[in-house]
Every structure is written in structure tokens, then in C-alpha cells.
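Residue-level listing of the chains:
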Amino acid sequence: MYPAEFDYFAPRTLEEALALLGRYGDDAKILAGGQSLLPMMKLRIAGPRYLIDINRVEGLSGLRRDGDRLVIGALCRHADVLASPVVRDEVPLMWDAAAQTADVQVRNRGTVAGSLAHADPAGDWPAALMALDTEVTVAGPGGTRAIALDRFIVDAYTTALHVNEIVTGLAVRIPPQPGGGAYVKFEKRAGDFAVASVGVQVALDGARVRQAAISLGALGPTPIRVRAAEELLRGSTEAGDEVSRAEPLVREAAQPFEDTRGSVEYKRHLAGVLFRRAWAVALDRAHGRMVGTVHV
Ligand SMILES: Cc1cc2nc3c(=O)[nH]c(=O)nc-3n(C[C@H](O)[C@H](O)[C@H](O)COP(=O)(O)OP(=O)(O)OC[C@H]3O[C@@H](n4cnc5c(N)ncnc54)[C@H](O)[C@@H]3O)c2cc1C
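Parameters at a glance
- Residues numbered from 1 in each chain as written.
- Predicted model: local features only at pLDDT ≥ 70, side-chain atom pairs only at ≥ 80, totals over all residues.
- Heavy atoms only, no water.
- Domains from an automatic or database assignment.
- Contact = heavy atoms within 4.5 Å.
- Buried area = accessible area lost by both parts, 1.4 Å probe.
- Salt bridge = Lys/Arg side-chain N within 4 Å of Asp/Glu carboxyl O.
- Near = heavy atom within 4 Å.
- Polar contact = N/O pair within 3.5 Å; in protein donor to acceptor, adjacent residues only side chain to side chain.
- Areas by Shrake-Rupley, 256 points an atom, 1.4 Å probe, with all protein chains shown as cover.
- Helix = DSSP H or I, 4+ residues; strand = E, 2+ residues; numbered from the N terminus.
- Buried < 20%, exposed > 50% of the residue type's maximum accessible area, 1.4 Å probe, protein only.
- Arc of directions from axis to C-beta.
- Pairing = 2+ DSSP bridges.
- Axes fitted to C-alpha atoms, helices over the stretch in contact; angles between N-to-C directions.
- Phe/Tyr/Trp six-rings, centres within 6.5 Å; stacked < 30°, edge-to-face > 60°.

With that settled, consider the domain arrangement of the protein. The domain architecture assigned to the protein consists of domain 1 (7-53), domain 2 (63-173) and domain 3 (179-286). Centre-to-centre, using C-alpha coordinates, domain 2 lies 20 Å away from domain 3. Between domain 2 and domain 3, the contact holds 23 residues from the first and 25 residues from the second. Broken down residue by residue, the surface that domain 2 buries against domain 3 is led by Q100, P121 and M130, which jointly contribute 26%. Connecting domain 2 to domain 3 are 2 salt bridges.

Moving on, we come to the site of the ligand. Close to the ligand lie 30 residues, the nearest being I30, S36, L37, T111 and D124. L37 is positioned with one of its backbone polar atoms (N or O) 2.7 Å from an oxygen atom of the ligand. Contacts to the ligand include A102, whose backbone N or O atom sits 3.1 Å from an oxygen atom. Burial of the ligand by the protein chains amounts to 89% of its free accessible area of 970 Å². Contributing elements (two or more residues each) for the shell around the ligand: β2 (28-31), α7 (112-118) and β10 (166-173). No other element matches α7, which puts 4 residues into the shell around the ligand.

On to helix α1 (residues 14-24). Listing the buried residues of α1 in full gives A17, L18, L20 and L21. Relative to the axis of α1, the buried residues are bounded by an arc of 160° and lie together on one face. Opposite its buried face, α1 presents the exposed residues E15, G22 and R23, each directed more than 90 degrees away. Those residues of α1 that are buried lie in contact with β1 (7-9), β2, β3 (50-53), β6 (134-140) and β10. Trailing α1 by a residue or two, G25 shows a phi angle of about 50°, which is positive.

With that settled, consider the sheet that holds β1. Judged by pairing direction, the sheet is parallel, and its 3 strands sit side by side in the order β1-β3-β2 without closing on themselves. Of all the strands in the sheet, the pair left with one neighbour each is β1 and β2. Neighbour to neighbour, the strand axes of the sheet diverge by 25° on average, direction disregarded. Both β2 and β3 contribute to a ladder of 4 bridges, which runs parallel. Its bridge partner being in β3, I30 is matched across the sheet by I52.

Inspection of the entire model under this criterion finds 4 aromatic pairs. Between F9 and Y24, the ring centres sit 5.6 Å apart and the planes meet at 25°, which makes this aromatic pair stacked. Remark: Y24 occurs in helix α1 and F9 occurs in strand β1; sequence separation between them is 15 residues. Note on F9: relative accessible area 22%, which makes it partly exposed. Aromatic pair F275 and W279: ring centres 6.1 Å apart, planes at 45°, arrangement tilted. Here F275 pairs with W279, and both are found in helix α12 (residues 264-286), just 4 residues apart, close to one helical turn. The pair formed by F275 and W279 is uniform in burial state, with each residue classed as buried.

This is the structure in C-alpha cells:
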């Protein structure tokens, strides 16, 4: 199907883009990679009267290290993340997420920031980045503000972004060493959205886990942090039985709904299985035992 008619703008500065958004408000939509918005417009689920394409706006591209943070521009594509040596070597959880998002074509166009702004409950970036210390940077008529990711995503397809604001990027704290992370996703077909996914990031103190973060994707309206399991795993060693005791906590934290991808029971079971896998890979990486991405 063709989208409904719309007027198209391609501003070259953030100020221009914000002015257009201020003028057209709810009738306008920001266009980044277009990999979620255009399908919705073609299906007539979305029908913005004005499209504000930010692809020519200067200063929003790329991904760079700034001290202990990874600064990611609003136009950073999934493929840019895959091409980053810092991500590959120091934040492999993000590398896993990029590698398992959609297919090559979508990865070349779609943006990390667009995925967060879209806030699809089955989206890979919201789930993966929830296991890391992530802040979303937003610009509006009154200036910029930074919003922690768990406050940015408020519900399915709903964020804390005001109608006159644009996401300009995000900042992810590079996890401390020694440590490791992994993002494991289960999909029905290659390139599909997740049936369920789990992100794990651990920091070690010798042989012991100093800190653990566990996030769930496609297992509720928003990504879920499993704080009870994280607490249990703090101080654990590989030899202990804490992982077995944490698994039921992960299953309990999941709030899946039944759909064509599976029943509630099936998805809860999957949450536990994926958690065990992500945990094992994260620890392997923390101990320098494995490099590369995860495929279920
Ligand atoms: C075939 C196919 C398979 C896919 N598979 C997956 C998958 O496996 N996993 C997955 O996570 N995703 C998947 N996607 C979605 C894809 O990853 C999108 O790229 C992503 O969800 C949105 O990013 P985008 O840059 O394309 O955003 P757009 O489509 O341009 O925008 C999406 C929404 O976010 C808003 N927006 C975008 N950028 C900004 C900004 N800077 N400030 C304010 N608002 C903004 C737009 O107004 C719109 O409402 C798939 C898409 C397709 C077409």
C-alpha cells in the first residue's frame, strides 16, 4: 500500500529541525532510518502530514569514545555499531545486538536512536542497552536534557520524549574490566524480531561477580531489569549454584503475552534458557575465554 500524502522537509541544522517540529507538532514525524516509520506509513498505521528527515542534519552521525563513555549520534546505523572496534572489543553485548537486528539492508539504514524512540517491546536495542548504563540525549526548544534509558521508555511504543523534542543521541558507559557481556536473542526466522531476548553484563572482582545486570526483551511491554536475580548473583562464583537459583527469578520477572510467536508459558521458559546462555557467554568473555557474537 502507498502511504497517505505528506509534505517532506530535509533540514540541515538541528535548529531548523526543531523549528519545523515546533510548527507542526503532533502532525509531524522525525524520519531517521525509516525502517520502522515507513512500513507503518505504508500500512497506514501512521499517517504524519509532515515528515522531517534528519539525515542531512550535521553533527548527528557516528559513534566515538569519550573517556569511559561511548557517544552515539542519532544517525548512527546498526551497521556502524558492527563496524566499531571499541564495541567489538569492549562492549560485545552491543555487538551481539547489532549483529542480530534484522538483515543487512535494515542494518545499513536503521538507527540505534530510532529504535529507542520507536520503543517496540520486541526491539533489540531497548532490551540490550537496558543492561548497560545508558542515557538518551534529547534536544528541545529549551535546550538539551539527558534521560536514563529506564525512564526514557515508559510503555510499549511510548517514550518520555515531548512532541517538540528530538533525540540527538545516546551515551553508554563502557563497562569496567574485568567483565563481560552478552545479548542472546531467539527468533523464529533469521532477521525477525525476537520471540524473547536476554542481555547480561557482569563485572568481576577476582573470581567473584562484583556486579550483574540482566535485561529482558520481548517479555513485557517494556524491557525489564531483573533486580532480584542481579542481587542474588552478586558475590557468586562460577562454582556456585546461584545461577540455578537465579533462573526462576528471571522467569518470574518476565511478563510475556501470548501471540503468534508463542504462549506465555513457552516465553517464560525461553527467558530462563536464554538467561543461562547469556550468563555463560558473559562469564566466558569476562574470563577471556571466547570472542565473537552469539547465535542461538
Ligand atoms: C524487515 C525489518 C526487520 C526488522 N527487524 C528488526 C529486528 O530484528 N530487531 C529490531 O530491533 N528492529 C527490527 N526492525 C526495525 C529496525 O531496526 C529500525 O531501524 C528501528 O526500529 C528504527 O530505527 P529507524 O532509524 O529506522 O527509525 P525510523 O523508522 O526513521 O523512526 C521510527 C520512529 O522513531 C522516531 N524517531 C526516529 N529517530 C528519532 C529521533 N532522532 N528523534 C525523535 N524521534 C525519532 C520516528 O519519528 C518514528 O516514530 C526491522 C525492520 C524491518 C523493516
